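Chain by chain, the residues run as shown.
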Amino acid sequence: MSVTTAPAVLDRDGLDALVTALVGQGRTVVGPTVRDGAIVLAELASADALPFGWGVELEAGRYRLVRREDGAAFAHSAGPQSWKTFLHPARERLWSADRTPEGHVSFTPEEPAAPDYAFLGVRPCDLRAVAIQDRVLTGGRYEDSGYGARRRRALLISVDCVEPGATCFCVSTGGGPAADPGYDLALTEVVDGDGHRFLVRVGSEEGARLLEAVPHRGADPATETTARASVDAARDRMGRSLPPVDLRALMGASLDAERWDDVAARCLTCGNCTMVCPTCFCVTTEEVTDLTGDHTERWQRWDSCFDLDFSYLHEGPVRSSGKARYRQWLTHKLSTWHDQFGTSGCVGCGRCIAWCPAGIDITEEVAALHTESETER
Amino acid sequence: MSAPKLAVFKLASCDGCQLTLLDCEDELLALAGTVEIAHFLEATSTVLPGPYDLSLVEGSITTAQDAERIRAIRANSRHLVTIGACATAGGIQALRNFADVDEFRRVVYAHPEYISTLATSTPVSAHVDVDFELRGCPVDKRQLIEVITAFLAGRKPDVPNHSVCFECKRRGTVCVTVAEGKPCLGPVTHAGCGALCPAYRRGCFGCFGPSGSVNLPALIPVLRRDGMDDDAVVRFLHTYNAAAFDKELTS
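Just so you know, these numbers come straight off a predicted model, no measurement behind them.

A.B. asks: Where do I start with the overall build of chain B in this structure?
C.D. replies: Regarding its fold elements, chain B presents twelve helices and five strands. For 251 residues, the compact-globule estimate of 2.2 N^0.38 gives 18 Å, and the C-alpha radius of gyration of chain B, at 19 Å, lies within 12% of that figure. For chain B, the spread of C-alpha atoms along the principal axes amounts to about 60 × 50 × 30 Å. Burial statistics for chain B: of 251 residues in total, 47% are counted as buried.

A.B. asks: Can you help me understand the overall build of chain A in this one?
C.D. replies: Looking only at helices and strands, chain A has twelve helices and 16 strands in total. Computed over C-alpha atoms, the radius of gyration of chain A comes to 22 Å, within 12% of the 21 Å expected from 2.2 N^0.38 for 377 residues, which places it in the range of a compact globule. Across its three principal axes, chain A shows a C-alpha extent of roughly 70 × 65 × 40 Å. Counting across all 377 residues of chain A, residues that qualify as buried make up 47%. For chain A, the share of sequence-separated contacts (at least 6 apart) that also reach a separation of at least 24 residues comes to 73%.

A.B. asks: Sorry if this is basic, but what is going on with the interface of chain B and chain A here?
C.D. replies: The extent of an interface is frequently quoted as the accessible surface area lost upon association of the parts. Across the contact, 32 residues belong to chain B and 39 residues belong to chain A. Elements supplying a minimum of two residues to the side of chain B that touches chain A: α2 (25-34), α6 (141-153), α7 (164-171), α8 (176-180) and α10 (216-225) of chain B. In terms of residue class, the side of chain B that touches chain A is made up of 16 nonpolar, ten polar and six charged.

A.B. asks: Looking at this model, I keep getting lost on the domain arrangement of chain A. Mind explaining?
C.D. replies: All names here are of chain A. In terms of domain boundaries, chain A breaks down into domain 1 (8-235) and domain 2 (247-376). If you look at the interface, domain 1 gives 39 residues, while domain 2 gives 33 residues. When contributions to the side of domain 1 that touches domain 2 are tallied by element, the ones reaching two or more residues are β5 (62-67), β6 (91-99) and α3 (124-138). A class-by-class count of the residues in the side of domain 1 that touches domain 2 yields 18 nonpolar, eleven polar and ten charged.

A.B. asks: Which parts of the structure should I look at to understand the nonpolar core?
C.D. replies: Soluble globular proteins tend to pack their nonpolar side chains together in the buried interior. The biggest cluster of nonpolar side chains holds 169 residues, and the ones touching the most others in it are Phe119, Ile157, Leu185 and Val200 of chain A together with Val57 and Ile83 of chain B. In terms of residue count, α3 of chain A provides more of this core than any other element does, seven residues in total.

A.B. asks: How do you make sense of the pairing of strand β1 (residues 8-11) of chain A when you look at a structure like this?
C.D. replies: A regular strand carries its side chains on alternate faces of the sheet. All names here are of chain A. Pairing geometry for β1 and strand β12 (residues 217-218), over two bridges, is antiparallel. What sits directly across from Val9, in β12, is Arg217. Looking at chain direction, β1 and strand β11 (residues 195-202) are connected through four bridges and run antiparallel. From the neighbouring strand, Ala8 faces β11, where its bridge partner is Val200.

A.B. asks: I would appreciate a short explanation of the packing of helix α8 (residues 259-266) of chain A against helix α10 (residues 322-341) of chain A in the present structure.
C.D. replies: Any two packed helices are characterised by how steeply their axes cross, that is the angle between the axes, and by the distance between the axes. Residue and element names in this part refer to chain A. The N-to-C vectors of α8 and α10 enclose an angle of 105°; their axes lie 8 Å apart at closest approach. The angle between α8 and α10 places the two elements in the roughly perpendicular class. When α8 is examined against α10, the residues Trp260, Asp261, Val263 and Ala264 are found in contact with a partner set consisting of Gly322, Lys323, Tyr326 and Arg327. Residues of the contact of α8 with α10, tallied by class, amount to four nonpolar, one polar and three charged.

A.B. asks: Sorry if this is basic, but what is going on with the domain arrangement of chain B here?
C.D. replies: Residues and elements named next belong to chain B. The assigned domain composition of chain B is domain 1 (5-153) and domain 2 (164-250). Taken together, the contact between domain 1 and domain 2 spans 14 residues of the former and 13 residues of the latter. Sort the elements by how many residues they give to the side of domain 1 that touches domain 2 and helix α4 (residues 85-89) lands first, with three residues.

A.B. asks: Sorry if this is basic, but what is going on with the environment of His162 of chain B here?
C.D. replies: Tracing the backbone shows His162 of chain B in the loop between α6 and α7. Residues His162 of chain B and Pro49 of chain B lie 113 residues apart in sequence; the distance between their C-alpha atoms is 38 Å. Excluding residues within four positions of it along the chain, His162 of chain B makes contact with Gly271 and Asp307 of chain A together with Ala191, Ser211, Gly212 and Ser213 of chain B.

A.B. asks: Whenever I open this one, the sheet that holds strand β4 (residues 77-83) of chain B confuses me. Can you help?
C.D. replies: For sheets, the rule is that strands pair by backbone hydrogen bonds, running either parallel or antiparallel. Residue and element names in this part refer to chain B. Taken in spatial order, the five strands make up an open sheet running β2-β1-β3-β4-β5, and their pairing is parallel. Edge positions in the sheet fall to β2 (36-40) and β5 (132-134), since each of these pairs with one other strand and no more. Recorded for the sheet is a direction-independent mean angle of 20° between the axes of neighbouring strands. Looking at chain direction, strand β1 (residues 5-10) and β2 are connected through four bridges and run parallel.

A.B. asks: Explain the environment of Lys5 of chain B to me, please; I cannot follow it from the model alone.
C.D. replies: Residue and element names in this part refer to chain B. With respect to the helices and strands, the residue Lys5 is situated in strand β1. Between the C-alpha atom of Lys5 and that of Cys86, which follows or precedes it by 81 residues, the distance is 24 Å. Apart from the residues within four sequence positions on either side, Lys5 is in contact with Val35, Glu36, Ala38, Leu48, Tyr52 and Asp53.

A.B. asks: Looking at this structure, I do not really get the sheet that holds strand β14 (residues 295-302) of chain A. What am I missing?
C.D. replies: Residues and elements named next belong to chain A. Strand order in the open sheet formed by four strands is β7-β6-β14-β13, with antiparallel pairing between adjacent strands. Among the strands making up the open sheet, the edge pair consists of β7 (105-109) and β13 (283-289). On average, each strand axis in the sheet is inclined to that of its neighbour by 20°, with strand direction left out of account.

A.B. asks: Whenever I open this one, unusual backbone geometry confuses me. Can you help?
C.D. replies: Most peptide bonds adopt trans geometry, and most residues besides glycine take a negative phi value. All names here are of chain B. Going from Gly50 to Pro51, the amide bond is cis rather than trans, its omega being 0°. Although it is not a glycine, Asp15 sits at a positive phi angle of roughly 85°. Mapped onto the secondary structure, Asp15 falls in the loop between β1 and α1 (16-22). Accessibility expressed as a C-beta count within 10 Å gives 15 for Asp15, which makes it partly exposed. Positive phi, normally seen in glycine, also occurs at Arg201, with a value near 60°. Within the element layout of this structure, Arg201 appears in the loop between α9 (196-199) and α10.

A.B. asks: Looking at this structure, I do not really get the confidence of the model for chain B. What am I missing?
C.D. replies: Any region with low pLDDT has predicted coordinates that should not be read closely. With 100% of its residues at a pLDDT of 70 or more, chain B has an overall mean of 96. Model confidence for the complex is summarised by a pTM of 0.95, with the ipTM given as 0.95.

A.B. asks: How should I be thinking about α10 of chain B in this particular structure?
C.D. replies: Residues spaced three or four apart along an α-helix face the same direction, because each turn holds 3.6 residues. Where α10 of chain B is concerned, the buried positions are Leu216, Ala218, Leu219, Val222 and Leu223 of chain B. For α10 of chain B, the angular spread of buried residues about the axis comes to 140°, placing them on one side. Summarising the contacts, the buried residues of α10 of chain B are in contact with α8 of chain A together with α11 (230-237) and α12 (242-250) of chain B. Positive backbone phi, approximately 100°, marks Gly227 of chain B, located one or two places after α10 of chain B.

Conventions we followed
Residues numbered from 1 in each chain as written. Chains lettered and ligands numbered in written order. Predicted model: local features only at pLDDT ≥ 70, side-chain atom pairs only at ≥ 80, totals over all residues. Helix = DSSP H or I, 4+ residues; strand = E, 2+ residues; numbered from the N terminus. Rg over C-alpha atoms; globule rule 2.2 N^0.38 Å. Buried ≥ 20, exposed ≤ 12 C-beta atoms within 10 Å, placed from the backbone. Contact = placed C-beta atoms within 7 Å. Nonpolar A, V, L, I, M, F, W, Y, C, P; charged D, E, K, R; others polar. Domains from an automatic or database assignment. Core = buried A, V, L, I, M, F, W, Y, C linked by C-beta atoms within 7 Å. Pairing = 2+ DSSP bridges. Axes fitted to C-alpha atoms, helices over the stretch in contact; angles between N-to-C directions. Parallel < 35°, antiparallel > 145°, perpendicular 65-115°, else oblique. pLDDT = per-residue confidence, 0-100. Arc of directions from axis to C-beta.

See below:
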């Protein structure tokens, strides 16, 4: 596929028309909106629901909404959810079975719920996270059919990052504030004396068709220059970074580090980091019978390596200590993920830092492990 | 084959947990069709003799008589499942474990000599073997039906041991601690309620007791950070599962 459409510009009315067009196509449009003191991801009836004029202040274990003077809609990061909430939902029925009075058992596979999603406002880090979950859940021999069905039908509209948070560190994971290919449309939000507008790059034929359906104009040099400068500036404004070393090797060499005891003393093992992580994909399955015993269902639901039962094998959990579980999470994310899936499992979105109630900071822990390994050398 | 016999017993408790069983209005007919309700005084004065296939016990042990009674119930029950914070952790009445019961007796009662009580309130599991403990104050009715269903089917109940945080995240509730700085016991509390309180923007107050994987000492600095002094932390932990949380703090 080759898409040669030149960059374009949408103004606020164009953005409204974009959402209206997607809703008109029967798509379920999901994007950022303000609810319960945070910018969450939810179904949008129109662009009016976007968080115009809202930003966030982030720190380890702390998230606060703040007003912005400029009216920007996408100047925020590290919300409490990621797109896996929709592509890889927290609970999903896989099949059910019924027993007739004669004793015959019939199985009914569940048709995956797969709305035609349009995701508006996918951050570049999250776009990379979706690509990682694609490899994990559809790249192997046994595809997660529900995920695959939803993902194939989803339209992705990314928005480049011009306002990284204090917990952001995508650049040090090999990413950056500009969207990599994988989007249908990529927006860059520009707010200055010339107005509120969005530079649009087209990433697919479907994206090109969508752009054609809404009022837009060709990109002017000033908008392109401002957009590029804002994204370039964002690259240098990351609040945090991982140490610039071979993290895969560092994790492998740190299995007996003393730092694990230190972090385990602070870790609540509550599982929040894995639930908010846009790449953590682990699930468990449960069989549930009803009172009659003639009907049973198999459900898949999110699980976490911080759950004691996660590693439960005949008569006991393999990773019974909090230390073993934190170490499993971090070494899998940064090291053994490479062995399994060919990349790191971390995109540097900073959610695990912001949404840890105890404020445990992955960049601080990795830096401490690095320092410990240097000291021992 | 005759229907399995279900019994419900009460020790020191408020009745809320067995009331939860009566509250299962949509499932009651199916339940009554599946089991023989042999002993359930809150529902019927008809009492059938044991042995019982499944006994649900609410309440804690606070008297010498109940300490004897629970042994008799155990001996008469094939499976014994304790339900609720009183039966699984001693309940709010376990606050006596940290105080002088004789003093209470003198101050509260005109005739303290009429009161015959133990110095502590203890969970049923401190007295007899228990096949399963279902937590909550009160227990959650979906979980209660699940436990009964599982025991009838001879399978393990689907009652996860993880924290309330799992339930908040699964239902998409924004964390009240991180986003609003509210003290919350969710990270150390056993899941099961469906993360009810945070969904209404208040912190979890720990009705389900410690989770299966709990690091309570790690939460204390978080509660202090969010504005609680030492006394407030103690009060926060000393409610329905006071004895269980206290054990986690001192272990």
